[in-house]
Every structure is written in structure tokens, then in C-alpha cells.
Amino acid sequence: MILVGAAISMFGYLTGAILAAPRTMFAFGRDGFLPRSLAAVHPRFHTPHVAIITYSVLATALALSGTFEQLAILANSTVLLLYFLCAIAAAVLQQRGLRADGEPFRLPAGALLPVLACLAVAWIFARTVSARELLAVAIVVAVVTIAWGIRARRGPVS
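Residues numbered from 1 in each chain as written. Predicted model: local features only at pLDDT ≥ 70, side-chain atom pairs only at ≥ 80, totals over all residues. Heavy atoms only, no water.

Caption draft 1: Quick look at the packing of helix 3 (residues 68-96) against helix 5 (residues 131-154). Following both chains from N to C, one finds helix 3 and helix 5 inclined at 50°, their axes separated by 10 Å at the closest point. Between helix 3 and helix 5, the angle is such that the two are oblique. The handedness of the crossing between helix 3 and helix 5 comes out as right-handed. Along the contact surface, helix 3 presents Q70, I73, L74, S77 and L81, while helix 5 presents R132, E133, A136, V137 and V141. Of the residues that constitute the contact of helix 3 with helix 5, the class distribution is six nonpolar, two polar and two charged. (Axes fitted to C-alpha atoms, helices over the stretch in contact; angles between N-to-C directions. Helix = DSSP H or I, 4+ residues; strand = E, 2+ residues; numbered from the N terminus. Parallel < 35°, antiparallel > 145°, perpendicular 65-115°, else oblique. Left-handed = near helix turned anticlockwise from the far one by under 90°. Contact = heavy atoms within 4.5 Å. Nonpolar A, V, L, I, M, F, W, Y, C, P; charged D, E, K, R; others polar.)

Following this line, the structure appears as C-alpha cells:
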């Protein structure tokens, strides 16, 4: 029963992700971070059909490539990485005093909370992620950083 429940849960998650995640690929394609073909919009349905198909193929390939445990660890590793980056962004934005309307939000204890968050994420990484999984995440971060650098040198998107 647990296996059936897990399968239903994963199916629900993936169907929701298939609706949301390709829009990110679409935006990256539109902004020049990924191939422009990902920004194609279907003429009849007005959906990012190339991004949806690409995402579906990638998700299927990943699902068939490893065990559930490996995929769960990699998924959680990427989420931890995003938490780490969000903590850094919170500290930087607070330091810059970025404001939209009114006074900017001030973190209690200033930059201490983002530092503690980064330390907590690093501790969790050290306790749960193997060297192989860490290498996979490091490769993805390196590729994304290189792509961002190339994109930044091209200047603003017109």
C-alpha cells in the first residue's frame, strides 16, 4: 500500500511539475539563458510546447536513470542548494537596502541569520550527500555558472 501511495503521490507531483516547470525553461529560452527554441509558443494552444516536451523527456530520462533513493537525494540536494543561495541573497539584498514600497524588511539579528542558514545547509550536505552526489551537484552549478557568464557578456536581451 505504501508503494501504491508513493506512486500516486509522485504521479501527482510530476503532473503538477509538468504544468509549472516548463514555464521556467520557456522564460530562460526567452531571455537567452537556454536555446531560444524553448521559447516557442504553440500557435493554437498558446503553450510553450517545446519546453513542455523537453521537460517531459528530461524528467522521464532522469526517472529511468537511477534508483528512487539516488533521485531523492539529488532532488533534495538541489533544494538545499537553492536554500543556500536564498540565504545569501537575503543577506545581500538587506545590505543593499533594496526597497520597493516603503521601508525594506530587516532581518532580526542582521546578517547572522543568513550565515546560520548557510552553515545549517552545509552541515546537512556534509551529513547526507555522498561525494558522487556532491560532484553531480557541483557539475550542474559549474555549467550554470558558465552559462550565466556567457549570457551576461552578451548584454541585455532585446
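Caption draft 2: Layout of helix 1 (residues 2-30). Between its first and last C-alpha atoms helix 1 spans 41 Å; for 29 residues at 1.5 Å apiece the expected length is 42 Å, and the two agree. A bend of about 40° at I18 is the largest found in helix 1, and the proline P22 appears one to four places after it. Taken together, the buried positions of helix 1 are A17, P22, M25 and G29. Against the buried residues of helix 1 lie helix 2 (49-65). At the exit of helix 1 stands G32, carrying a positive phi of roughly 90°. (Expected span 1.5 Å × (residues − 1). Bend = angle between axes of the 7 residues up to and from the residue. Buried < 20%, exposed > 50% of the residue type's maximum accessible area, 1.4 Å probe, protein only.)

Caption draft 3: Layout of a nonpolar patch on the surface. Taken together, the side chains of L112, L113, V115, L116 and L119 make up a nonpolar region of the molecular surface, amounting to roughly 440 Å² of accessible area. Here L119 is to be found in helix 4 (residues 112-128). Since its relative accessible area comes to 54%, L119 is described here as exposed. (Patch = residues over 30% accessible without salt bridge, like charges linked within 9 Å, V, L, I, M, F, W, Y side chains within 5 Å. Areas by Shrake-Rupley, 256 points an atom, 1.4 Å probe, with all protein chains shown as cover. Salt bridge = Lys/Arg side-chain N within 4 Å of Asp/Glu carboxyl O.)

Caption draft 4: How the structure looks around the pattern of salt bridges. One pass over the structure, following the stated rule, counts one salt bridge. Here R30 ties to D31 by a salt bridge, and the two come within 3.1 Å at their closest N and O atoms. Judged by its relative accessible area of 41%, R30 falls in the partly exposed class. Residue classification places D31 among the partly exposed positions, given a relative accessible area of 27%.

Caption draft 5: Just the environment of A39, in detail. Summarising the element assignment, A39 is placed in the loop between helix 1 and helix 2. A relative accessible area of 21% means that A39 is categorised as partly exposed. The sequence separation of A39 and L135 amounts to 96 residues, and the corresponding C-alpha distance is 30 Å. Each residue touching A39, except ones within four places of it in the same chain, is listed here: F26, G29 and R30.

Caption draft 6: Structural context of helix 3. Compared with an ideal rise of 1.5 Å per residue, which puts 29 residues at 42 Å, helix 3 spans 42 Å between its outermost C-alpha atoms and is within 8% of the ideal. Within helix 3, the full set of buried residues consists of S77, L80, A87 and Q94. Residues of helix 3 that are buried make contact with helix 4 and helix 5. Downstream of helix 3 by a residue or two, G97 has a phi angle that is positive, lying close to 65°.

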